[in-house]
Amino acid sequence: MIKITSVHKAYGTNQVLHNINLSFRSGEIHGIVGENGAGKTTLFRCVSGIESFKGTISYNKGAIKNSVGFLPTNPYFISKITGKEYLQLLCNARNINVSDFNEKNIFDLPLKKYAETYSTGMKKKLALTGILLQNNDVFILDEPFNGVDVHSNIIINQVLSKLKERNKIIILSSHIFSTLHETCDYLHYLKNGMIKKSVDKAKFDYVEQEMKSIGIEAKIDKLNL
Amino acid sequence: MKFYFSLLFKRLNRQLKDLGIEPLIASIIFPCLFYWVSLSFFDKFIYANYLYSFITILIVFVISFPEHDDFIKQQFSPNTYRSIKIINHLLLVLPFVCFLLFKLCYFEVLIVVVLTVLLSYVKKPNKINFVIPTPFYRWPYEFTVGFRKTYLVFLFSYGISILSIYVDNFNLGVFAILSIFFLCSFYYSKLEPQFYIWVHAESPQGFLKNKIRIAGTYSFFLSLPILVILFIFYADQIHIAFIFELLGFLYMVMYIIMKYAFNSSGVSMLQGVIGVLCLLFPPALLLIIPYYYSRAINNLNKLLK
C-alpha cells in the first residue's frame, strides 16, 4: 500500500501541489484526472521519488523508488541507442536478467532500430515494455494511451488487468474518459494542485461532468474563430 | 525575420550560460581564440588556404540541422525561408571569410561564399538510421553511444600505434593509448536525463562503482589492440605503457565523477580547466578524484536515496 500524507510541492514560489492525501492499495487501478498543468505529472514524479517534496509518502514494502515502473508522458530516448539496448539498460538498472528480448516484444517493435527514430506511439510502447520487464510492484503511467494505436490500446488494457490480478498498484493519468471507465477502480480529480474529488467507479460520470462544466464555450469565444 | 534572428542570438547566449561561460567574456575570448587557432593553422600546414576553405564548407554542412530547416520552412514563406537559410550560413562562415580576407585569399573567399550560398539550396538528409554494431551491448549507454559517434577516431588511434612500429617511436604508441582514454572520458562529459539515473536500484556509491567498472572494462578492451602491438614490439618498455594505461583510466574516472559532481548538461568551463590541469599535472588527480567523489555522492543522493 502507498500512503500519501500532506504532500506539498513548490518550484520556487510556484506552489504546484497542495496538501495531497491519497492511498493506493495493491490490486487497485487509480486514475488521476485534471486539466493540463493541474499537477498530475508532478504528483507522479513525487510518488516515484524523482522529485523532493514536503510531507510523507510511505510504502509498506520498503523503498518505493526501487519498486516503481514510471512511464513518463514523453519518454526520452538517448540518441543512437536501439530499442533492444534501451530494454537491456532498464533491466540492468534493476538487476533483471532477460535472455531473449524478442520473446518479450509484445508490441512487435523494431528492436534493432534506434529508439529515437521510433514514432510517438512506438516510443511509448517501448518505454512501457521496459518497465514491464523490470518486474515492478508499482506502476505509474503518465498518459499511457496517448499516441498509441487501437490494437496496442487493447493490449495495454489487457496488461493492466493482468497486473491488477497480480496485486500490483497502478496509478495512471489519461484525458480519455472512456478509457478511464474501462480500466480504473478509482478516480481522483486534481485541480490547481489539490485533490478536488476522489470517487469510485459508480461516480466517474460526476467527475466527467464537473470537468466539462468549466466554461469551455467562453474560452473558445475568446479566439474569435 | 528580425524576431527570428534576435531569438537566435538569445538562444546562443543561453547556451553559453548553460556551459558556464558569460556571453560578454565569450565575445572577447572566442574571436581571439579563433584568430590564434587560424593563424597557427596557416603556420603549420602547407596549402592551408585550400584546407581552411574546405574545413569552412565542411562546417557549414555539418552544422545544418534538417529538423530546424523543416521548422522554419513550415513557419515562413518560401522567400523568407530561403533568406533565413542563406543568412544563417553566411553568418556561420563570416569569421572564416574575414580571416581569409586578412590573409588576402580573395579567390578562396569567392569559392567559400558561392559554395555556402549553394549549400543553402541543398537539403541535408534526415538522421541516418543505419545501426552501427558495437561490442558493448551487455551494458549499453555511454560506450554504445560514444562508439557509434566516434568509431572513426579509433581507427586513427590504432593507425597511430601501427605507425609507432614503422617509425620506431614508442611514444607514439603511448600517445595512441592516451587518445583512447581521452576519447572515452569525453563520453562522460554530458549528464544523462534524471530518469536514467533514478531508474537504478542502487546506492549512489554502487551506482558510481558500476559506472567506473564498466568504463574501466570497456576502455581496457578498446586499448587492448594497442597494448598487444606494443607488447610484441616493445616488450622491454611495456611497463611504461601500463603506467599510462592506469593514468588514462584515472583521468576517465575523474570525468565520470565530475559529471555527477557538477550536474551540468555539458562540460562546464571549470570542468575543462580541471581536465587540462590534470593532463599537465597528473598527481592532481589524486586530490581531485576524492574531492569530487563526495560532491557526486551528495548530488546522486537526491535521486538514488
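Quick look at the structure, then. As the structure is a computational prediction, the values presented were derived from the model and not from experiment.

Quick look at the pattern of salt bridges now. Residue and element names in this part refer to chain B. On inspection of all chains with the given rule, the structure shows 14 salt bridges over all chains. With its nearest N and O atoms 3.2 Å apart, the salt bridge here joins K211 to E192. Taken together, the positions of K211 in helix α10 (residues 204–233) and E192 in the loop between α8 (170–186) and α9 (194–198) put the pair 19 residues apart, joining distant regions of the chain. The burial state of K211 is the same as that of E192; both residues are buried.

In many analyses, interface size is given as the accessible surface area lost on bringing the parts together. Across the boundary between the two partners, chain A contributes 30 residues, which contact 27 residues of chain B. The junction of chain A with chain B conceals about 2600 Å² of combined surface from both sides, 59% of it contributed by carbon and sulfur atoms. Three residues, K65(A), K80(A) and Y114(A), lead the burial of chain A against chain B; their summed loss comes to 21% of the area buried on that side. Counting every contact that joins chain A to chain B gives one salt bridge. At the junction of chain A with chain B, the criterion picks out twelve residue pairs in polar contact (both at pLDDT 80 or more). Elements with a contribution of two residues or more to the side of chain A that touches chain B: α1 (40–48), β5 (68–71) and α2 (83–93) of chain A. At seven residues, the largest contribution of residues to the side of chain A that touches chain B is made by α2(A). Looking at the side of chain A that touches chain B, its residues break down into twelve nonpolar, ten polar and eight charged.

This next bit is on helix α5 (residues 78–102) of chain B. All names here are of chain B. End to end, α5 covers 35 Å across 25 residues, agreeing with the expected 36 Å (1.5 Å per residue, within 8%). At L94, α5 shows its largest bend, some 45°, and a proline, P95, comes one to four positions later. Buried residues along α5 sit against α1 (2–18), α2 (23–44), α3 (48–62), α4 (66–75) and α6 (106–119). Residue L104 follows α5 closely and has a positive phi angle near 60°.

Next up on the list: the sheet that holds strand β4 (residues 54–59) of chain A. Across a sheet, strands are paired by hydrogen bonds formed along the backbone, either parallel or antiparallel in direction. All names here are of chain A. Reading across the sheet, the three strands line up as β2-β1-β4 and stay open at both edges, with antiparallel pairing between neighbours. Looking at which strands have only one partner, the edges of the open sheet turn out to be β2 (14–24) and β4. Pairwise comparison of adjacent strand axes, ignoring direction, gives a mean angle of 20° for this sheet. Where strand β1 (residues 2–11) meets β4, five bridges bridge the pair, whose relative direction is antiparallel.

In this section: the packing of aromatic side chains. All names here are of chain B. Summed over all chains, the structure comprises 33 aromatic pairs over all chains. Between Y52 and F99 the ring centres are 5.7 Å apart and the planes differ by 45°, which places this aromatic pair in the tilted class. Of this pair, Y52 sits in helix α3 while F99 is found in helix α5, placing the two residues 47 residues apart along the sequence. Since its relative accessible area comes to 5%, Y52 is described here as buried. With relative accessibility at 4%, the residue F99 sits in the buried group. Three or more aromatic residues joined by ring pairs form one cluster here, namely F34, Y35, F41, F42, Y52, F96, F99 and F102. Across from the ring centre of F262, 5.4 Å away, lies the NZ or CZ of R295, which sits over that ring.

What follows deals with the packing of α2(B) against α5(B). All names here are of chain B. Where α2 meets α5, the closest approach of the two axes is 11 Å, and the angle between their N-to-C directions is 50°. In terms of axis orientation, α2 runs oblique to α5. Seen along the crossing, α2 lies across α5 with a hand that is right-handed. Between α2 and α5, the residues in contact are F34, Y35, S38, L39 and F42 and P95, F96, F99, L100 and F102, respectively. For the contact of α2 with α5, the per-class residue count stands at nine nonpolar, one polar and no charged.

Attention shifts here to unusual backbone geometry. Most peptide bonds take the trans form, and the phi angle of most residues other than glycine is negative. All names here are of chain A. Positive phi, close to 60°, is recorded for K80, a residue that is not glycine. Here K80 shows up in the loop between β5 and α2. Residues other than glycine seldom take positive phi values, yet N167 does so here, at roughly 65°. Inspection of the secondary structure puts N167 in the loop between α4 (150–165) and β7 (169–173). Given the relative accessible area of 48%, N167 is considered partly exposed.

All names here are of chain A. An order of β5-β6-β7-β3-β8-β9 is seen for the six strands of this open sheet, with the pairing classed as mixed. Edge positions in the sheet fall to β5 and β9 (194–200), since each has one partner strand and no second. Sheet twist, expressed as the average angle between the axes of neighbouring strands with direction ignored, equals 15°. Looking at chain direction, strand β6 (residues 138–142) and β7 are connected through five bridges and run parallel.

Residue and element names in this part refer to chain A. Most of β7 sits inside the fold, with five of its five residues counted as buried. By the alternation rule, side chains of β7 split into I169, I171 and S173 and I170 and L172, which are all buried. A crossover connection joins β6 to the parallel β7 through α4; in handedness this β-α-β unit is right-handed.

We now examine the environment of H68(B). All names here are of chain B. Mapping H68 onto the fold places it in helix α4. Of the residues examined, H68 reaches a relative accessible area of 25% and is grouped as partly exposed. In sequence terms H68 and Y188 are 120 residues apart; their C-alpha atoms lie 27 Å from each other. Filtering out sequence-adjacent residues up to four positions away, H68 remains in contact with Y4 and R11.

This part covers the nonpolar core. If you look at the biggest cluster of nonpolar residues, it comprises 127 residues, and the most contacted ones within it are I4(A), Y86(A), F143(B) and M254(B). It is helix α11 (residues 238–262) of chain B that contributes the most residues to this core, 13 residues altogether. With residues up to four places along the chain from it excluded, the contact list for F143(B) reads F136(B), C184(B), Y187(B), Y188(B), A215(B), Y218(B), S219(B), L222(B) and M252(B). Counting 15 residues, the second-largest nonpolar core is a separate cluster that includes F41(B), A48(B), F96(B) and V97(B).

Conventions used here
- Residues numbered from 1 in each chain as written.
- Chains lettered and ligands numbered in written order.
- Predicted model: local features only at pLDDT ≥ 70, side-chain atom pairs only at ≥ 80, totals over all residues.
- Heavy atoms only, no water.
- Salt bridge = Lys/Arg side-chain N within 4 Å of Asp/Glu carboxyl O.
- Helix = DSSP H or I, 4+ residues; strand = E, 2+ residues; numbered from the N terminus.
- Buried < 20%, exposed > 50% of the residue type's maximum accessible area, 1.4 Å probe, protein only.
- Contact = heavy atoms within 4.5 Å.
- Buried area = accessible area lost by both parts, 1.4 Å probe.
- Polar contact = N/O pair within 3.5 Å; in protein donor to acceptor, adjacent residues only side chain to side chain.
- Nonpolar A, V, L, I, M, F, W, Y, C, P; charged D, E, K, R; others polar.
- Expected span 1.5 Å × (residues − 1).
- Bend = angle between axes of the 7 residues up to and from the residue.
- Pairing = 2+ DSSP bridges.
- Axes fitted to C-alpha atoms, helices over the stretch in contact; angles between N-to-C directions.
- Phe/Tyr/Trp six-rings, centres within 6.5 Å; stacked < 30°, edge-to-face > 60°.
- Lys NZ or Arg CZ within 6 Å of the ring centre and 35° of its normal.
- Parallel < 35°, antiparallel > 145°, perpendicular 65-115°, else oblique.
- Left-handed = near helix turned anticlockwise from the far one by under 90°.
- Right-handed = clockwise from strand over helix to strand, strands pointing away.
- Core = buried A, V, L, I, M, F, W, Y, C linked by side-chain atoms within 4.5 Å.

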